[in-house]
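Descriptive structure summary
Okay, here's what each chain looks like letter by letter:
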Amino acid sequence: MKHKYQWGMALFLLISLIVATGCQQGSESKTIKIGHAVSLTGDNSVFGQSEATGLKIGVEELNKKGGILGKQIEVVTVDTRNDPAETVNAVRRLVDQEKVVAVLGPSSSGPAMSATPIVTAGKIPLIATAASNPYVTADKQGGIHKYVFRVCFIDTYQGLVDAEFAYDRLKARKVAVLYDVGSDYSQWLAKYFEDAFIKKGGVVVAKEAYRTGELDFRAPLGKIKGSNPDLLFLPLTQKDAALAAKQSRDLGIKAILMGGDNWASPDILTLAGPAIEGAYFSNSASLDDPRVKDWITAHEKQFSGPLVRNALLVNDALSWLADAMKRANSTDGDKIVAALEATKDLPVMTTDKFTIDPKTHDPLNRPAYFSKIQGGKFVFVEEYAAK
Amino acid sequence: MFLQTLITGIAIGGIYALMAVGYSLVFSILNFSNFAHGVIIMLGAYIGFYACEWFHAPVLVAMVGAMVGSAVIAVTVEKLAYRPLRLKRAVPLYFMISAMGAAIFLENLVYVTVGAHFFSYPAFLQQSVQIGQSNLGLLDIGALSLSAVAITCLTLFLSKAKLGIAIRAAARDMTVLGTLGVNIDSLLMVVFSIAGLFAGMAGVFLGIKYLVYPTMGWITNKAYIAAVIGGIGSLPGSVVGGITLGIVESFVSVYLTTALRDVFSFTFLIVLLLFRPSGLFGKTLDEKV
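Below or above, wherever it landed, is the structure these notes cover. These figures come from a predicted structure and were not determined experimentally. (Residues numbered from 1 in each chain as written. Chains lettered and ligands numbered in written order. Predicted model: local features only at pLDDT ≥ 70, side-chain atom pairs only at ≥ 80, totals over all residues.)

Details of the overall build of chain A
Broken down by element type, chain A carries 12 helices and 14 strands. Taken over the C-alpha atoms alone, chain A extends approximately 70 × 60 × 45 Å along its principal axes. When each of the 387 residues of chain A is scored for burial, the buried share is 52%. Excluding contacts between residues fewer than 6 apart, the proportion of contacts in chain A whose partners are at least 24 apart in sequence is 68%. (Helix = DSSP H or I, 4+ residues; strand = E, 2+ residues; numbered from the N terminus. Buried ≥ 20, exposed ≤ 12 C-beta atoms within 10 Å, placed from the backbone. Contact = placed C-beta atoms within 7 Å.)

In structure tokens:
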């Protein structure tokens, strides 16, 4: 009798394993392998899944045109779960086992930073998509991470733009900040925003924190309510921002809500509902850009999931990498790095003149795009560059 | 500010308490920490969510559905993951490992079937009452009262009903109870059903208050701590532990620091355990439940 259960359980687990692994198979052919480290599951999955489908279309187009250096591109996608520790394993697999020539992603700062030592040891270039923390490409001693690049703007810039927009356009003078101490992105963006806002002449009346994974922010928000701010800055993921928005309205906080590029996931609208109406956020690429209209239609034909700006950014990264490999005429890591650094005025999906600063590995002249949440939709407000 | 902090603390603590009851109940009988409880809460939240989404069920009906569904899942987990160990007389450590395995398995099952997206319940009891400068959410009042009713019912059941008395006897000594002719299998089915019912209720409240997503079950770590503070295995202990933890957390966040909130909660736990190793309400082993 008892063996029946054991065998039943064993069989059940075995079948689940087979089903789970059934779809994964390797192929050995004459292709160039590019790794894609992306959060397919976890808190950031909306961004990650959109990035994965966006890259799929980009690579198909590139392969139709003959690929790179006469070879077809093969993408190896690994899941980071948006978790720095998980990213280490995922990227190590790409570098050590899959022998990719370059890595695209991760899309957020914490995971991108944890991938840095691995790609550096393997001498494999990495292009982060939406990882905006300055220390993704720079090290803390003032040098740069030789193998790490990015396509988006950086948080010192985003914090500045957000602070200027809040002060000049939204006329906020007293702000409160709620941030996540467990996230590099959140912690630093909060700091850059705060510094820039004080420099403008505003006052930060409350700055409160919580730890990643927390669901209830009513205690810190209660404290924020007491300081009566004009604007509440929430440099958080769309999930936490939605919760914070709901809970602050429950507590009777009436301040304008504002966030960074992590808000740019359409599920924030359903998750927060009416609580997030009238809020503003900055973004590193805009889906309202006329240049990407046709491409978005093509994406929507093939995939049904929500489309976010990561899909555009990863295509910027792909064209940049393809161009660098062509110029380097090689798949050698160091040669690709040299070519990536030398990129100037390259037309990519979101801009006609993509130029990289070889001193920082960050792109130059990236503006921010502000949207407002109105009538349960993202409404484009304006393209805004810091003064 | 003081009143608001207290209200917030009690509201958060009430949810911890509801989750802690399930832990305590199973611990008191099988003597291991059922780490799969959090995942059952998560599955309960999904069942309730889909009941609202697909069948447009009113939230309270969805909650009943979630409770029944969670009970079925809890019993199934017991049958598949714990019963074989029980028959082999394995030590509690193996039950705990099996529970973690079940938790990770079910969580990943949700990832591959439903996906990692976040969902939110339809709006329910969103109004709040103003008391002076403080806001008290109707949902919090509802959740607290319903939890109180459910926990009272369970306490009455355990002290008055024949089956309840049998469960208490099992907490004292399951082997002897078995030799006296009580069917341990069906008794545990009842215990896990009750734990499941509570998980379903907690899941729906969590879902309405926050969001529904695959890793939401990990919030029960807090409930587990609440159960330990109260004295794991003791029902009144779970309730007091939950509310104490909620209040400590919100006061630390407001008057000391939000970033170090968990450091304070855990220090509180360690200090408490140094002086009272079995928690606030923990008694000698044979007086659990």
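A look at the interface of chain B and chain A
Each side of the interface is counted separately: chain B has 30 residues, and chain A has 32 residues. Of all the elements in the fold, those that place two or more residues in the side of chain B that touches chain A are α1 (2–30), α3 (59–87), α4 (92–113), β2 (134–137) and α10 (235–256) of chain B. Of the residues belonging to the side of chain B that touches chain A, the class tally is 16 nonpolar, 11 polar and three charged. (Nonpolar A, V, L, I, M, F, W, Y, C, P; charged D, E, K, R; others polar.)

Details of the sheet that holds strand β4 (residues 126–128) of chain A
Residue and element names in this part refer to chain A. The sheet built from five strands is open, its strands ordered β2-β1-β3-β4-β5 with parallel pairing. The sheet is open, and its two edges are formed by β2 (72–79) and β5 (148–150), each paired on a single side. Along the sheet, successive strands turn relative to each other by an average axial angle of 25°, direction set aside. Here eight bridges tie strand β1 (residues 31–38) to β2, and the two strands are oriented parallel to one another. Residue pairing for β2: T31 is matched across the bridge by Q72. (Pairing = 2+ DSSP bridges. Axes fitted to C-alpha atoms, helices over the stretch in contact; angles between N-to-C directions.)

With respect to the sheet that holds strand β8 (residues 231–234) of chain A
All names here are of chain A. The seven strands lie next to each other as β7-β6-β8-β9-β10-β13-β14, forming an open sheet whose pairing is mixed. Two strands bound the open sheet, and with one partner strand each, they are β7 (203–210) and β14 (377–384). In this sheet, neighbouring strand axes are inclined to one another by 25° on average, regardless of whether the strands run parallel or antiparallel. Bridge count for strand β6 (residues 174–180) against β7 is seven bridges, and the pairing is parallel. Considered in β7, the bridge of V177 is made with K207. Its contacts with the sheet place helix α6 (residues 184–200) against β6, β7 and β8, and it is angled at close to 165° to β6. Here helix α8 (residues 238–250) sits on the sheet in contact with β6, β8 and β9 (256–259), set at roughly 155° to β8.

Looking at the nonpolar core
Of all hydrophobic cores here, the largest spans 206 residues; its most connected members are V103, V119 and L126 of chain A together with A202 of chain B. Ranked by residue count, the leading element in this core is α1 of chain B, at 16 residues. Formed jointly, this core draws a minimum of three residues from each of two domains, domain 1 (31–153 + 290–354) and domain 2 (155–283 + 369–384) of chain A. Not counting residues up to four positions away in its chain, the partners in contact with V119 of chain A are V91, V95, V103, I124, L126, Y147 and V148 of chain A. (Core = buried A, V, L, I, M, F, W, Y, C linked by C-beta atoms within 7 Å. Domains from an automatic or database assignment.)

Some points on α6 of chain A
Residue and element names in this part refer to chain A. The first and last C-alpha atoms of α6 sit 24 Å apart over 17 residues, in line with the 24 Å expected at 1.5 Å per residue. Residues D184, Y185, S186, W188, L189, A190, Y192, F193, A196 and F197 constitute the buried set of α6. Those residues of α6 hidden inside the fold are in contact with α4 (109–122), α5 (155–169), β6, β7 and β8. The positive-phi residue at the C-terminal boundary of α6 is G201, with phi of around 110°. (Expected span 1.5 Å × (residues − 1).)

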